[in-house]
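Each chain is listed here by its residues.
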Amino acid sequence: MRTSRRLATLVLAVSASAALAACSSPVSGTATPVPQGREASTDPSAPPVEEAGGTDPAPGEAPGTGTTTTDDDLPVPGAGVPGDAGLCQAVVGWFGHAGLSLVSVDENGHVDPATVVPLLEAMRDAPADHQDASAPLLAAADDVSAATDEAIDQLESGTDVFTAFESLTQPVTDFGAACTSAGVSV
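Taking an unreviewed UniProt entry as the reference, the chain is identified by name as Lipoprotein belonging to Geodermatophilus normandii.

What follows is the structure, given as structure tokens:
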């Protein structure tokens, strides 16, 4: 029975990562129309248009969140997405990242907790970066944060990674239901 619970936890994590892959923040462009009777300048002596500066994150800082990650190649779920959608993407996305880290085992078949803990910390801290979400979703995210703190404590005290991660299944499932109730698909 223990193996089937681990498999169920892993399947939930992979499902969350699939949801993360499906989540994307919409990109929309806006154009400034040229007023009637005027044409856009094609004069080569016109001053060049400068792009806004200072938008790149500091080295080691995750874009759009102010939090650091251990792997600069990971996309930051929910970054730049406001409100309920941003919070849902962030929590479910970090859960997916953490779940995917469970499949990276060493030569002995063990998962290094040091690869999982930073991802769990990012999931725990996600509500702080999305305070513009609705109160019910923030409350559900706080429940996930509390469970994540307990899982991190378990990992730091030597508990098996799968056992610690399994304790997150119900709070994250409840959070997903809260997102769905708020009209956000995860």
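Asker: Just checking my understanding: could you explain the environment of phenylalanine 95 for this structure?
Answerer: With respect to the element layout, phenylalanine 95 can be found in helix α2 (residues 83-101). With a relative accessible area of 0%, phenylalanine 95 lands in the buried category. Through-space distance from the C-alpha of phenylalanine 95 to that of alanine 122 is 9.2 Å; in sequence the pair is 27 residues apart.

Asker: How should I be thinking about the state of the cysteines in this particular structure?
Answerer: Linking two cysteines covalently via their sulfur atoms produces the bond known as a disulfide. Using the criterion set out here, one finds one disulfide in the structure. Here cysteine 88 is linked by a disulfide to cysteine 179, with a sulfur-sulfur distance of 2.1 Å. Measuring handedness by torsion sign, the sulfur bridge of cysteine 88 and cysteine 179 sits at about -105° and is left-handed. Placement of cysteine 88 in helix α2 and of cysteine 179 in helix α6 (residues 169-181) is noted, with a sequence separation of 91 residues between them. By relative accessible area, which is 0% here, cysteine 88 ends up buried.

Asker: Would you mind going over the nonpolar core with me for this structure?
Answerer: Side chains of a nonpolar character, in soluble globular proteins, are inclined to be buried together. Membership of the largest hydrophobic core comes to 37 residues, with the highest contact counts inside it found for Leu87, Val91, Leu120, Met123, Leu168 and Phe175. Breaking this core down by element, the ones donating at least two residues are α2, α3 (113-125), α4 (135-156), α5 (161-166) and α6. Top element by residues in this core is α4. It accounts for nine residues. Not counting chain neighbours up to four residues away, the residues in contact with methionine 123 comprise Val91, Trp94, Phe95, Val144, Ser145, Thr148 and Leu168.

Asker: Whenever I open this one, the packing of α2 against α3 confuses me. Can you help?
Answerer: Packed helices, taken two at a time, are described by the angle between their axes plus the distance between the axes. Following both chains from N to C, one finds α2 and α3 inclined at 175°, their axes separated by 8 Å at the closest point. Classified by the interaxial angle, the pair formed by α2 and α3 is roughly antiparallel. Only Thr115, Val116, Leu119, Leu120, Ala122 and Met123 of α3 make contact with α2, whose side of the interface consists of Val91, Trp94, Phe95, His97, Ala98 and Ser101. Looking at the contact of α2 with α3, its residues break down into nine nonpolar, three polar and no charged.

Asker: It is not clear to me how the environment of glycine 183 should be interpreted in this structure. Could you clarify?
Answerer: Looking at the secondary structure, you find glycine 183 in the segment after α6. Sequence spacing of glycine 183 and alanine 85 is 98 residues, and the spatial spacing of their C-alpha atoms is 8.8 Å.

Asker: Quick question: what am I supposed to make of the packing of aromatic side chains here?
Answerer: The geometry of an aromatic ring pair is captured by two quantities: the separation of the ring centres and the angle between the planes. Applying the stated rule across the entire model yields one aromatic pair. Centroid distance phenylalanine 95 to phenylalanine 165: 5.0 Å. Interplanar angle 15°. Geometry classified as stacked. Here phenylalanine 165 lies in helix α5 and phenylalanine 95 lies in helix α2, a separation of 70 residues in the sequence. A relative accessible area of 1% means that phenylalanine 165 is categorised as buried.

Asker: Could you clarify how one ought to interpret the pattern of salt bridges in this entry?
Answerer: Oppositely charged side chains can pair when the atoms bearing their charge come close. Applying the stated rule across the entire model yields two salt bridges. For the salt bridge of arginine 124 with aspartate 149, the shortest nitrogen-to-oxygen distance reads 3.1 Å. Pair noted here: arginine 124 is in helix α3 and aspartate 149 is in helix α4, with a separation of 25 residues, a long-range link. Given a relative accessible area of 33%, aspartate 149 falls into the partly exposed group. Sharing partners across several salt bridges, the network here consists of Arg124, Asp125 and Asp149.

What counts, and at which threshold
- Residues numbered from 1 in each chain as written.
- Predicted model: local features only at pLDDT ≥ 70, side-chain atom pairs only at ≥ 80, totals over all residues.
- Heavy atoms only, no water.
- Helix = DSSP H or I, 4+ residues; strand = E, 2+ residues; numbered from the N terminus.
- Buried < 20%, exposed > 50% of the residue type's maximum accessible area, 1.4 Å probe, protein only.
- Disulfide = S-S within 2.5 Å.
- Core = buried A, V, L, I, M, F, W, Y, C linked by side-chain atoms within 4.5 Å.
- Contact = heavy atoms within 4.5 Å.
- Axes fitted to C-alpha atoms, helices over the stretch in contact; angles between N-to-C directions.
- Parallel < 35°, antiparallel > 145°, perpendicular 65-115°, else oblique.
- Nonpolar A, V, L, I, M, F, W, Y, C, P; charged D, E, K, R; others polar.
- Phe/Tyr/Trp six-rings, centres within 6.5 Å; stacked < 30°, edge-to-face > 60°.
- Salt bridge = Lys/Arg side-chain N within 4 Å of Asp/Glu carboxyl O.

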